[in-house]
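Read off the chains here:
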Amino acid sequence: MSESSPAARLQQLFEGRRLTPTQRRIAHSMVRRAGDVPFLSSVELAELAGVSQPSVTRFAVALGFDGYPALRKHLREVAPAGSVPGGGGEEDVYNEYQQAVLAEIENLRLLAELLADPGPVERAGRLLAASRPLPVLGLRAASSQARGFGYFAAKVHPDVRVLDEGGSMLHDRIDAARRAGATALICFALPRHPKEVVDALAYAREQGLTVVAVADSAFAPVAGHSDLLIPAAVGTGLAFDTACAPMLLGRVLLEVMCDDLPDAQARLEEFDARAAARGLFVE
């Protein structure tokens with residue numbers, strides 16, 4: 001993410017702060033609407049984050065300001081010249097479905113800014129490529145992300161284990177992966193965050209696994225149980241969240257893994273040859 005972007009400046013403001021779950025929710029909402037936040041009232045920000053107005057005031061105080069007006073004054077002072085509330089009023093032009101698509105485009109743009117520094121994803125890809133086996137965790141809303149990642153990872157990685165079901169056996173499966181030689185685990189964590197995922201990551205780290213997390217925010221509940229968290233925002237404009245950016249980030253991590261697995265290309269070519277021989281796909 002560009003250091004000069006409004007979202008990046010907000011991230012810097014929140015770094016190192018011990019925030020409550022409610023405060024993390026406010027912070028996440030502010031990052032998502034970074035360009036508009038300097039012009040929002042405390043009531044409007046509370047509605048945006050789905051919290052109470054007093055929670056916004058307490059959040060501002062937790063950041064070291066006298067109250068929300070002081071926080072907003074600070075944000076306006078550091079806002080780039082030419083910023084205007086609402087991004088030019090274009091939201092009035094588009095219907096709700098178009099707005100949801102445009103919000104996802106903005107999420108992808110923020111992801112592109114984040115990837116301007118490829119260091120974190122390259123480090124994550126190396127950790128995942130080296131783990132034998134590779135556990136891939138994702139429950140409830142994130143289960144489809146875990147399965148999709150696992151499907152493609154299995155084409156280039158010799159032993160991928162998708163953990164997409166909770167219950168009493170989840171820790172057992174983490175134990176089994178660790179005993180088999182796993183050194184890292186990747187988790188897809190999306191709202192609403194199941195407590196079981198947080199507990200599983202804490203347990204995985206206790207067992208010596210390095211946890212890589214793809215989460216909707218740097219302030220997600222899994223942050224405290226991750227060795228390396230890479231954020232990718234979800235869209236919230238429809239009845240059910242959309243997760244284009246987390247999916248794309250997963251594909252980026254797969255790309256890095258392919259670069260770090262010496263036999264990845266040979267495995268892909270072998271799969272293509274077998275698929276052709278079986279007539280697996282329709283041309």
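A brief look at the structure comes next. (Residues numbered from 1 in each chain as written. Predicted model: local features only at pLDDT ≥ 70, side-chain atom pairs only at ≥ 80, totals over all residues. Heavy atoms only, no water.)

Side note on the overall build of the protein
Next, step 1: Of the regular secondary structure elements, the protein holds 12 helices and 5 strands.
Next, step 2: In terms of C-alpha radius of gyration, the protein reaches 21 Å, essentially the compact-globule figure of 19 Å for 283 residues.
Next, step 3: Principal-axis analysis of the C-alpha atoms gives the protein an extent of 65 × 45 × 35 Å.
Next, step 4: The buried share of the protein, taken over its 283 residues, is 41%.
Next, step 5: Within the protein, contacts between residues separated by at least 24 positions form 68% of all contacts whose residues are at least 6 apart in sequence.
Next, step 6: For the protein, the exposed surface amounts to about 14600 Å²; the carbon and sulfur share of it is 53%.
Next, step 7: Distance between charge centroids for the protein: 6 Å, based on 29 positive and 35 negative side chains. (Helix = DSSP H or I, 4+ residues; strand = E, 2+ residues; numbered from the N terminus. Rg over C-alpha atoms; globule rule 2.2 N^0.38 Å. Buried < 20%, exposed > 50% of the residue type's maximum accessible area, 1.4 Å probe, protein only. Contact = heavy atoms within 4.5 Å. Areas by Shrake-Rupley, 256 points an atom, 1.4 Å probe, with all protein chains shown as cover. Lys, Arg positive; Asp, Glu negative; His and termini not counted. Charge placed at Lys NZ, Arg CZ, Asp CG, Glu CD.)

Notes on the pattern of salt bridges
Two side chains bearing opposite charge may form a pair once their charged atoms approach each other closely.
Next, step 1: Scanning the model with the defined rule gives 10 salt bridges in all.
Next, step 2: The salt bridge involving Arg109 is made with Glu106; its shortest N-O contact spans 2.5 Å. One end of the pair, Arg109, and the other, Glu106, are both in helix α6 (residues 96-114), 3 residues apart, so they sit about a helical turn from each other.
Next, step 3: Looking at Arg109, the relative accessible area reads 39%, which means it is partly exposed.
Next, step 4: With relative accessibility at 30%, the residue Glu106 sits in the partly exposed group.
Next, step 5: The shortest N-O distance in the salt bridge between Asp159 and Arg161 comes to 3.3 Å.
Next, step 6: The class for Asp159 is partly exposed, based on a relative accessible area of 26%.
Next, step 7: For Arg161, a relative accessible area of 28% puts it in the partly exposed group.
Next, step 8: Members of the salt-bridge network, linked through shared partners, are Glu106, Arg109 and Glu113. (Salt bridge = Lys/Arg side-chain N within 4 Å of Asp/Glu carboxyl O.)

Section: helix α1 (residues 6-14)
Next, step 1: Of all the residues in α1, the buried ones are Ala7, Ala8, Leu10, Gln11, Leu13 and Phe14.
Next, step 2: Buried-residue contacts for α1 involve α2 (21-32), α4 (53-62), α5 (68-78) and α6.

Regarding the side chain of Asp216
Next, step 1: Mapping Asp216 onto the fold places it in the loop between β4 (210-215) and β5 (228-231).
Next, step 2: Among the polar contacts made by the side chain of Asp216, one reaches the side chain of His193 at a distance of 2.8 Å.
Next, step 3: In contact with Asp216, other than residues within four places in its own chain, are His28, Ala189, Leu190, Pro191, His193, Ala232, Ala233 and Val234. (Polar contact = N/O pair within 3.5 Å; in protein donor to acceptor, adjacent residues only side chain to side chain.)

A short note on the packing of α2 against α4
Next, step 1: Where α2 meets α4, the closest approach of the two axes is 10 Å, and the angle between their N-to-C directions is 85°. By the criterion of interaxial angle, the relationship of α2 to α4 is roughly perpendicular. Within the contact between the two elements, α2 uses Thr22, Gln23, Ile26, Ala27 and Met30 and α4 uses Ser55, Val56, Arg58, Phe59 and Ala62.
Next, step 2: Classifying every residue of the contact of α2 with α4 gives 6 nonpolar, 3 polar and 1 charged. (Axes fitted to C-alpha atoms, helices over the stretch in contact; angles between N-to-C directions. Parallel < 35°, antiparallel > 145°, perpendicular 65-115°, else oblique. Nonpolar A, V, L, I, M, F, W, Y, C, P; charged D, E, K, R; others polar.)

As for unusual backbone geometry
Next, step 1: Across the junction of Arg132 and Pro133, the peptide omega takes the value 0°, indicating a cis bond.
Next, step 2: Within the fold, Pro133 resides in the loop between α7 (119-130) and β1 (134-137).
Next, step 3: Following Pro191, the chain continues into Arg192 via a peptide bond in cis, with omega recorded as -10°.
Next, step 4: Counting through the fold element by element, Arg192 comes out in the loop between β3 (184-189) and α10 (195-206).
Next, step 5: Look at Arg140: it is not a glycine, yet its phi comes out positive at around 50°.
Next, step 6: You can see Arg140 is positioned in the loop between β1 and α8 (143-153).

Considering the environment of Val197
Next, step 1: Assignment of secondary structure puts Val197 in helix α10.
Next, step 2: Since its relative accessible area comes to 3%, Val197 is described here as buried.
Next, step 3: Measuring from C-alpha to C-alpha, the distance between Val197 and Glu47 comes to 28 Å, with 150 residues separating the pair along the chain.
Next, step 4: Sequence-distant contacts of Val197, defined by excluding residues within four places in its chain, comprise Leu137, Leu139, Cys187 and Val222.

Some details on the packing of aromatic side chains
Between two aromatic rings, the relevant description is the distance of the centres plus the angle of the planes.
Next, step 1: Under the defined criterion, the tally for this structure stands at 5 aromatic pairs.
Next, step 2: With centroids separated by 5.4 Å and ring planes inclined at 75°, the aromatic side chains of Phe14 and Phe219 adopt a geometry described as edge-to-face. Taken together, the residues Phe14 in helix α1 and Phe219 in the loop between β4 and β5 connect sequence positions 205 residues apart. Exposure class is identical for Phe14 and Phe219. Each is buried.
Next, step 3: Ring geometry for Tyr151 against Phe152: centres 4.9 Å apart, planes inclined by 80°, an arrangement best described as edge-to-face.
Next, step 4: Among the aromatic residues, those joined into a cluster by ring pairs are Phe14, Phe59 and Phe219.
Next, step 5: One cation-aromatic arrangement involves Lys155 over Phe271; the distance from NZ or CZ to the ring centre is 3.5 Å. (Phe/Tyr/Trp six-rings, centres within 6.5 Å; stacked < 30°, edge-to-face > 60°. Lys NZ or Arg CZ within 6 Å of the ring centre and 35° of its normal.)

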